[in-house]
Amino acid sequence: MKGADGWTGRLSYGRLMLAAAMTFLCAPSYSLHAQQAPPSLPSTASASPSRPSEGSPLDTNSTSSASTNGDTTRNSSLLNSSDDSEQGEEMEPRDASGTDNSSAPLSARDIITTLQQNPDEIVELKTLMADLAQQQGTNVQVDSVTDQMLYSQIASSPELRANITTFLRARGYVTADAVSDSYGDNGLDTTPFSPLLNENNREDLLYSLPSGSNNRQYRSLSAGGDRVPRTPRRNPQSNAPYEPQVLRQPAPYNMLALRDLYTQLPEQNGQLKRFGSEMFLSRSSDSRRSISPTARSTSLDVPAGPDYVVGPGDVLSITLWGGISQTFTRPIDREGRVDLPEAGPVQVAGLALQRVEELVAGTLKRQYRNAQVAVSMARLRTIRVYVVGDVQHPGAYEVSSLSTCLNALYAAGGPTSLGSLRVLRHYRGTHLVGEVDLYDFLLHGVQAEEKLQSGDTLIVPPAGPQIAVYGAVKRPAIYELKDETTLAAVLEDAGGATVAAEWSHIVVDRIDAHHQRETVSLNLPDGSSAQATQAALGDFSVKDGDRVHVAAVLPYSQKVVYIEGHVARPGRMPWHDNMHLTDMLHSYRDLLPEPADRGEIVRLVPPDLHPETIEFNVPDVLIGNSNPTLEPFDTIRVFGRYEADAPKVAIGGEVLRPGSYALSRGMTVAQLVRMAGGFKRDALLTDADLTSYSVSGGTKIVSERVPIHIGSAVNEEDTSADVPLKAGDVLTVHQLTGWNDIGAAVTLEGEIAHPGRYGFKPGERLSSVLRRAGGFRDTSYPAGAVLIREDVRKLEESSREQLIRQIETSSASARISPNIGPGDQSGVLQLVAQQQNEILGRLRSQPATGRMVIHITADISSWENTPSDVEVRSDDVLRVPKQPGFVLVTGQVYNSSAITYSPGKTAGWYLSHAGGATEIANKKEIFIIRANGSVVGHEPSFWDHNVLSTRLDPGDTLIVPQKIIGKSLFWRNLLTVAQISSSIAVTAAVAGAL
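Residues numbered from 1 in each chain as written. Predicted model: local features only at pLDDT ≥ 70, side-chain atom pairs only at ≥ 80, totals over all residues. Heavy atoms only, no water.

Observations regarding helix α7 (residues 147–156)
An α-helix turns once per 3.6 residues; consequently, residues spaced three or four apart project the same way. For α7, the tally of buried residues reaches 8 of 10 residues, placing the bulk of the element in the interior. Taken together, the buried positions of α7 are occupied by Asp147, Gln148, Met149, Leu150, Tyr151, Ser152, Gln153 and Ile154. (Buried < 20%, exposed > 50% of the residue type's maximum accessible area, 1.4 Å probe, protein only. Helix = DSSP H or I, 4+ residues; strand = E, 2+ residues; numbered from the N terminus.)

Here is the structure:
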């Protein structure tokens with residue numbers, strides 16, 4: 001997928017896809033610098049492969065228990081096995097409820113399988129993760145991200161699996177319908193995952209089983225019978241010819257060379273199908289795999305030739321033309337005669353169709369002048385034959401008289417798993433007519449020409465010697481032997497070996513009859529000629545029960561070098577003798593823009609292929625001053641300038657795009673400003689700050705501030721004012737003084753002579769703005785004026801949230817008195833909780849208003865330039881209501897309402913007119929909220945001031961709070977403050993609505 005967008009496009013897309021995933025890699029609980037310990041594993045006994053059964057010489061996967069997916073117990077013999085993986089591949093990607101899972105993320109097993117089949121994507125994912133981790137402040141080297149770390153994160157993070165699924169689908173490695181069947185009813189990944197099987201790090205074995213493999217030794221991972229699901233369908237584009245299934249062991253370094261070398265070719269012990277068994281399985285839309293229907297429902301549309309011998313039961317179609325035009329049908333009766341019009345019966349049984357036509361024509365021409373006659377078969381007779389032996393449905397079958405042995409065997413469902421495919425005996429009475437070898441038809445298309453006759457018997461004996469062939473062959477399967485005695489003949493039946501076969505690694509698992517198992521090999525030296533190989537194959541004798549494994553060649557090239565990093569064409573390149581670095585790096589066109597001066601060659605030094613790093617200078621190589629020699633498996637790494645050194649500068653302040661920028665060679669402050677989009681309108685062009693850093697004595701960092709005439713450097717292009725930048729420099733462009741005060745205004749509402757929005761100059765006071773607005777109207781009530789300020793609202797909101805949290809987090813011991821016994825605490829706590837919820841509900845329902853308490857009157861001169869004359873701020877709102885004619889009484893009173901104002905009346909008078917306080921009222925904490933927002937409460941003193949004796953003014957509010965349940969002084973004070981806060985919010989809202 002290295003298309004026109006190039007590697008830059010791939011990295012940009014990958015950053016978007018893996019942004020969420022980096023939360024897991026950069027979390028404090030996970031370190032990329034240390035190898036994470038694998039999770040706990042099942043015991044060795046539960047994870048060990050099951051022992052092969054002795055019941056079948058070819059079966060290494062026999063078990064007596066049912067499979068873990070709920071299927072019934074299968075025949076332990078490989079000869080009775082069917083490719084259930086094929087049936088699974090035909091299934092649509094739907095979950096148990098029938099929901100389409102094509103858009104669901106892949107399971108951990110599917111993702112790891114796909115990544116192992118495409119190792120280049122693992123390298124890219126690691127690079128993206130390390131890059132994003134470094135951007136988030138975590139110093140992560142790409143080489144330190146191991147395969148095990150990546151696999152562990154894939155297994156534990158659903159978000160990472162979803163992002164990598166999109167990542168792989170966008171590159172075409174996974175199709176939309178390649179969702180495995182490991183999703184539950186809710187589309188969740190239910191696949192059991194164990195990163196390691198044992199101490200040998202064989203987790204890749206779980207996810208690299210060959211397609212169609214059903215090996216039970218990898219199915220049972222624990223005593224609970226957890227199942228490894230089937231390998232999903234792979235994208236056909238990724239299936240290269242003869243591509244082997246490999247095991248990739250975790251490589252210690254993130255190098256493509258080591259990833260290629262850290263591979264194994266596993267022994268493919270998957271269940272094999274018996275060759276030719278699928279011939280007798282029919283597939284349709286209703287049944288994917290079912291025994292073929294019987295002859296009673298199957299028509300044999302085969303024309304009868306001129307040599308067809310007619311007999312009783314056949315129906316002839318006779319056509320006359322010439323002197324007469326007529327077509328009629330006549331059956332052949334049991335005596336073998338056909339009744340002709342005007343001529344009577346004619347004996348035709350036992351004659352060929354051509355002779356019947358001549359006989360009928362001669363007879364009818366005597367009756368009809370100038371008549372031409374044609375005779376054909378209108379319907380063929382049926383015959384009864386018997387199919388017995390090891391077949392699926394033995395018995396008698398009515399078949400067409402043109403049927404052959406193959407038709408009758410097909411009608412009977414074919415041989416069973418124990419029936420022979422090489423010997424089909426055809427008896428006519430006690431006489432053996434012949435034997436049919438189905439391999440002649442399956443391999444060469446040759447059919448038996450002998451037709452069946454009524455009463456014939458077909459018998460399928462048990463299968464003869466069998467041998468399994470798998471690995472690098474074209475048709476891996478179980479073959480039945482007849483005349484084949486050598487390995488060459490068996491491989492010919494298997495279609496021959498693929499071009500990837502390694503002749504020197506042919507291993508045969510053999511059973512020493514009735515004694516023991518043994519393993520033998522072909523013992524063919526490396527580099528043998530084709531003639532010697534064929535001779536060795538022809539001399540090697542095979543026996544019944546042999547399992548022949550033809551190994552594939554190693555999955556990597558022995559003469560290859562790798563190039564990666566800041567290059568235009570990364571990947572594998574062929575190696576040749578006397579190869580030098582300039583054969584890979586011809587010029588700067590082979591590199592991406594701005595490469596670093598330093599590169600390196602990572603060499604795998606023989607004989608153990610341990611890595612060593614050889615540095616080189618990129619400019620010296622490109623101009624020819626240096627040209628190191630390359631060896632096989634060398635990895636050439638070229639870094640980008642911003643990878644190796646990452647020089648950056650920062651710009652802040654009044655520019656369009658402040659932030660951090662890469663430092664290019666020769667960059668100045670003017671170029672940095674232009675790269676940041678230029679100045680904003682509020683930028684101060686006379687002066688800017690440039691902070692530079694330098695290393696002093698190689699032991700410490702020294703900072704220095706330099707003033708810059710930024711306007712001259714950028715707009716006037718004054719080179720003397722322009723300053724070159726160094727890595728780490730920070731440029732700050734200041735804002736014009738007072739810019740934020742532009743457009744500042746205060747809003748006057750209500751009973752003002754000229755309400756509206758008024759601008760003001762810094763330091764202007766409320767009296768000045770009111771005078772410009774014409775002052776108060778005669779109907780105004782300045783004592784109830786409300787001044788709303790945004791800064792005050794934010795402080796009130798913060799205090800309200802803090803009070804709510806303090807109430808919610810208070811412990812039970814803070815709510816009740818220590819003197820209450822354990823038996824009384826439960827009831828008290830319930831009452832406290834009920835009261836707490838009520839007060840919290842009132843607090844949450846009354847948002848902060850931002851009201852300031854001001855003391856103003858209608859006579860502006862009386863309070864002008866006094867502390868009551870506050871300085872206005874931007875976005876202040878002053879609401880002056882009309883004079884209210886009531887006093888509000890609320891809280892724990894019998895009639896909470898607004899009472900008409902009566903001059904000179906006290907709070908006690910208004911309380912009595914509201915019905916008085918209730919039984920749960922806290923009379924000692926009654927308080928008054930004046931119309932201007934000030935609070936009058938109980939103030940313990942020598943004279944014991946009584947709140948109820950206070951005279952009230954229009955717009956005042958009398959609050960009767962509720963008794964606080966609980967004897968804790970802290971708790972009572974806390975809820976009292978909460979009640980006052982909620983009440984002030986209510987009165988502020990009422991005052992603003994006047």
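The discussion continues.
Quick look at the packing of helix α5 (residues 108–117) against helix α8 (residues 158–170)
Relative orientation of the contacting elements α5 and α8 amounts to 40°, with a least axis distance of 11 Å. By the angle between their axes, α5 is oblique relative to α8. Crossing geometry of α5 relative to α8 is assigned as left-handed. In this structure, α5 uses Ala108, Ile111, Thr114 and Leu115 to contact α8, whose residues at the interface are Arg161, Ile164, Thr165 and Leu168. Residue composition of the contact of α5 with α8, grouped by class: 5 nonpolar, 2 polar and 1 charged. (Axes fitted to C-alpha atoms, helices over the stretch in contact; angles between N-to-C directions. Parallel < 35°, antiparallel > 145°, perpendicular 65-115°, else oblique. Left-handed = near helix turned anticlockwise from the far one by under 90°. Contact = heavy atoms within 4.5 Å. Nonpolar A, V, L, I, M, F, W, Y, C, P; charged D, E, K, R; others polar.)

Describing the packing of α7 against α8
The contact between α7 and α8 brings their axes to 5 Å, and the two run at 105°. Taken together, the axes of α7 and α8 are roughly perpendicular relative to one another. On α8, the residues that touch Gln153, Ile154, Ala155 and Ser156 of α7 are Pro158, Leu160, Arg161 and Ile164. Residues belonging to the contact of α7 with α8 are distributed by class as follows: 5 nonpolar, 2 polar and 1 charged.

Considerations on the environment of aspartate 583
Inspection of the secondary structure assignment puts aspartate 583 in the loop between β21 (571–574) and β22 (595–605). Counting along the chain gives 44 residues from aspartate 583 to asparagine 627, while the straight-line C-alpha distance between them is 9.3 Å.

Thoughts on the pattern of salt bridges
Overall, the coordinates contain 34 salt bridges when judged by the stated rule. With a shortest N-O distance of 2.9 Å, lysine 273 and glutamate 278 are connected by a salt bridge. The exposure class assigned to glutamate 278 is partly exposed, which follows from its relative accessible area of 28%. Put simply, aspartate 953 and arginine 930 hold a salt bridge, and the shortest N to O gap is 3.7 Å. Here the residue aspartate 953 occupies a position in the loop between β38 (935–936) and β39 (957–960), and arginine 930 occupies one in the loop between β37 (927–929) and β38, the gap between them amounting to 23 residues. (Salt bridge = Lys/Arg side-chain N within 4 Å of Asp/Glu carboxyl O.)

Section: the sheet that holds β39
Ordered by their spatial adjacency, 5 strands build an open sheet running β36-β35-β39-β37-β38, and the pairing between neighbours is mixed. The outermost strands of the open sheet, each flanked by one partner alone, are β36 (897–900) and β38. Sheet analysis places strand β35 (residues 886–891) next to β39, joined by 4 bridges and oriented parallel. Counterpart to threonine 890 in the pairing with β39 is isoleucine 959. (Pairing = 2+ DSSP bridges.)

A closer look at the side chain of aspartate 869
Turning to its location among the elements, aspartate 869 is positioned in the loop between α23 (860–863) and β34 (877–880). Here aspartate 869 occupies a buried position and makes no salt bridge, while the nearest side chain of opposite charge, arginine 765, is found at 5.0 Å. A polar contact is formed between the side chain of aspartate 869 and the backbone nitrogen of leucine 766, at a distance of 3.2 Å. For aspartate 869, the side chain forms a polar contact with the side chain of serine 767, separated by 2.5 Å. What aspartate 869 contacts, discounting residues up to four positions off in sequence, is Arg765, Leu766, Ser767, Trp863 and Glu864. (Lys, Arg positive; Asp, Glu negative; His and termini not counted. Polar contact = N/O pair within 3.5 Å; in protein donor to acceptor, adjacent residues only side chain to side chain.)

Digging into α8
The terminal C-alpha atoms of α8, which comprises 13 residues, lie 18 Å apart, in line with the 18 Å expected from a rise of 1.5 Å per residue. Along α8, the residues that are buried comprise Leu160, Arg161, Asn163, Ile164, Thr165, Phe167 and Leu168. Between the side-chain oxygen of the N-cap and the backbone nitrogen of leucine 160 there are 3.0 Å, and the N-cap of α8 in question is serine 157. (Expected span 1.5 Å × (residues − 1).)

Here we look at the sheet that holds strand β5 (residues 315–322)
In spatial order, the strands read β6-β5-β9; together these 3 strands make up an open sheet with antiparallel pairing. A single partner strand is all that each edge strand has here, and the edge strands are β6 (326–331) and β9 (371–379). Taking each pair of neighbouring strands and ignoring which way they run, the sheet shows an average axis angle of 25°. Where β5 and β6 come together, 6 bridges link them in antiparallel fashion. Within β6, the position partnered with leucine 320 by the bridge is glutamine 326.

Describing the nonpolar core
Core analysis: the biggest nonpolar cluster contains 45 residues, and Val469, Tyr479, Leu487, Leu522, Val548 and Val550 have the highest contact counts within it. Counting residues per element, this core draws most heavily on helix α12 (residues 405–411), at 5 residues. Residue contacts for valine 469: discarding those within four places in its chain leaves Leu272, Pro476, Ala477, Tyr479, Val490, Leu491, Ala494 and Val548. (Core = buried A, V, L, I, M, F, W, Y, C linked by side-chain atoms within 4.5 Å.)

As for the confidence of the model for the chain
Of the residues in the chain, 72% have a pLDDT of 70 or more, and the chain-wide mean is 75. Note on residues 1–102: pLDDT is under 50 here. Beyond four places in sequence and across chains, it has 190 contacts. Scored below 50 in pLDDT, residues 178–240 shows 161 contacts in the model against residues more than four places distant or in partner chains. (pLDDT = per-residue confidence, 0-100.)

Looking at the pairing of strand β8 (residues 344–347)
Consecutive side chains along a regular strand alternate between the two faces of the sheet. The sheet contact formed by strand β7 (residues 337–340) and β8 spans 4 bridges and is antiparallel. Note that in β8 the partner of valine 338 across the bridge is valine 346. Linking β7 back to β8 in an antiparallel pair, the connection comprises 3 residues, with glutamate 342 at a positive phi of about 65°.

Focus on the packing of aromatic side chains
Under the counting rule described, the total for this entry stands at 5 aromatic pairs. Arranged with centres 4.9 Å apart and planes meeting at 90°, the rings of tryptophan 909 and tyrosine 910 form a pair that is edge-to-face. Taking the relative accessible area as the measure of exposure, tyrosine 910 reaches 0% and is therefore buried. Three or more aromatic residues link up through ring pairs in this structure, and these residues are Phe275, Tyr439 and Tyr479. (Phe/Tyr/Trp six-rings, centres within 6.5 Å; stacked < 30°, edge-to-face > 60°.)

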